[in-house]
Amino acid sequence: MIFDPLTLWSVVLFVGLMLAAAMVLVWLLTPEEPALLHWAAFCALFVAGTAGVMARGVIPDFLSIEVANGSMLLGYGLLWTGLRVFDRKRPGFGWIFIAPVLWILLCQLPPFREGIASRIVLGAGLASALALLSIRQLWRGWVLPSRIRGAALGFLAVAFVAMLARIPAASALGEGNHVRLFTDPRYVWVGVLGIAVMILATFTLVLMVRERSELLYRSAAQRDALTGLLNRRGFMEEALPVCRKGGPMALMILDLDRFKQVNDAYGHAAGDRVLVAFAEVLRFRLQPDAIVARIGGEEFVALLPVAQPLPARHAAEEVRRGFREELQADWFGSGPITCSASIGLAVGDVVPSHTALHAEASLAGVMERADAALYEAKAKGRDRVEVVFFGTARAPAA
């Protein structure tokens, strides 16, 4: 059975239109992602350009050669701008008109106006350059683990290779003033490859949007809206793998002293500023790998992996002193705020756990010890650090 190339390319056009419509529909559902409109325009311009090339001999040559191919090149440029917008960068619209304008101008010169093979080489070179820009943006914007982004990179790489392959095959692809892709059954595979790459690349782009939305929702569910620290749920998810691995660690339970008095004297807005200030102290005074969270109104927790007793005690004291220094500023026109931090610190060795349930029990046990130490710090006058040891850990020699 011999396939009719025109029928196959008509299917390519139909698929492209449906993909453009699907992109617009997804954008209507997620209007915060304008990159989808760029990619929808890419599909639409690719369809318009392909239809124009297929209509060679039916419509004026200027439309079927200059305008049609320029439309496809503009579409490739919008694929690149869409990736930039997706990565929260300026789109750079001015750059995407260089290739279409260059195409139209060069097609006025005799070597390109009269030779279809030369035009195929020129078009393939310009399209490859634009595809390479998209590949570069996908790679440079790959800052978080993402198998979907890797798949999109792979599909665009296939498209890039296919575009380059047109250069050595230019003489075979062109005959007279007609492109054999649309008339010769031997090149049906090009249309099949085009459909496959277009569908797969488009769906991976949509999945990239969905993946990021899920990450944002997940991050929002794990973060405290006021301080930006992890909440209790986020802390448990990050701390459990550390406990499951086992080894030396330190855990602080931190509570702000007389915090209610701050709210009563200055208002809840002032109390919020104090909480944010304490969160900043925790961020900058603890080691970078510390897992820090706000687990209650004015209660915080910090897990320091691989922490030894003496450095852990020094870190806790640094937080306590740093918070007192932070509150020495005259924030509200009536002098420094009277507020401090009491800290319960549990230091020891956690036995590796073979199951998540055992790790959760170990973490709960360490938190109970730190909580007991916190109550002791409160009972002894507040604004102090109390340390409790567990496992094989012992108090360092004086």
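Here, the structure is the one placed above.
Attention here is on the structure that accompanies the text. (Residues numbered from 1 in each chain as written. Predicted model: local features only at pLDDT ≥ 70, side-chain atom pairs only at ≥ 80, totals over all residues. Heavy atoms only, no water.)

**As for the overall build of the protein**
Then comes step 1: The helix and strand inventory of the protein stands at 14 helices and 7 strands.
Then comes step 2: Here the C-alpha atoms of the protein give a radius of gyration of 31 Å, more than 25% beyond the 21 Å that 2.2 N^0.38 yields for 398 residues.
Then comes step 3: With the principal axes as the frame, the protein shows a C-alpha extent of 95 × 55 × 35 Å.
Then comes step 4: Across the 398 residues in the protein, those meeting the buried criterion constitute 48%.
Then comes step 5: Expressed as a percentage of contacts within the protein between residues at least 6 apart in sequence, the contacts between residues at least 24 apart total 73%.
Then comes step 6: Per element, the accessible surface of the protein, about 20000 Å² overall, is 65% carbon and sulfur. (Helix = DSSP H or I, 4+ residues; strand = E, 2+ residues; numbered from the N terminus. Rg over C-alpha atoms; globule rule 2.2 N^0.38 Å. Buried < 20%, exposed > 50% of the residue type's maximum accessible area, 1.4 Å probe, protein only. Contact = heavy atoms within 4.5 Å. Areas by Shrake-Rupley, 256 points an atom, 1.4 Å probe, with all protein chains shown as cover.)

**Topic: the side chain of D255**
Then comes step 1: Along the chain, D255 turns up in strand β3 (residues 247-257).
Then comes step 2: A distance of 2.6 Å separates the side chain of D255 from the side chain of K378, its partner in a polar contact.
Then comes step 3: What D255 contacts, discounting residues up to four positions off in sequence, is E298, E299, S340, A341, S342, L374 and K378. (Polar contact = N/O pair within 3.5 Å; in protein donor to acceptor, adjacent residues only side chain to side chain.)

**Things to note about the packing of helix α2 (residues 35-54) against helix α3 (residues 61-86)**
Then comes step 1: As a packed pair, α2 and α3 sit with axes 7 Å apart at the nearest point and diverge in direction by 165°. Taken together, α2 and α3 sit at an angle that is classed as roughly antiparallel. As α2 runs across α3, the sense of the crossing is left-handed.
Then comes step 2: Residue composition of the contact of α2 with α3, grouped by class: 17 nonpolar, 10 polar and no charged. (Axes fitted to C-alpha atoms, helices over the stretch in contact; angles between N-to-C directions. Parallel < 35°, antiparallel > 145°, perpendicular 65-115°, else oblique. Left-handed = near helix turned anticlockwise from the far one by under 90°. Nonpolar A, V, L, I, M, F, W, Y, C, P; charged D, E, K, R; others polar.)

**Let's talk about the nonpolar core**
Then comes step 1: Counting residues in each nonpolar core, the largest one holds 59 residues, and the members touching the most others are W39, L73 and Y76.
Then comes step 2: Secondary-structure elements contributing two or more residues to this core are α1 (5-29), α2, α3, α4 (98-106), α6 (116-140), α7 (147-165), α8 (170-173) and α9 (188-222).
Then comes step 3: Counting residues per element, this core draws most heavily on α3, which supplies 12 residues.
Then comes step 4: When residues no more than four places from it in sequence are discounted, the contact partners of Y76 are F42, F46, A127, L130, S134 and M163.
Then comes step 5: Counting residues in each nonpolar core, the second largest holds 33 residues, with F278, A315, V319 and A341 among its members. (Core = buried A, V, L, I, M, F, W, Y, C linked by side-chain atoms within 4.5 Å.)

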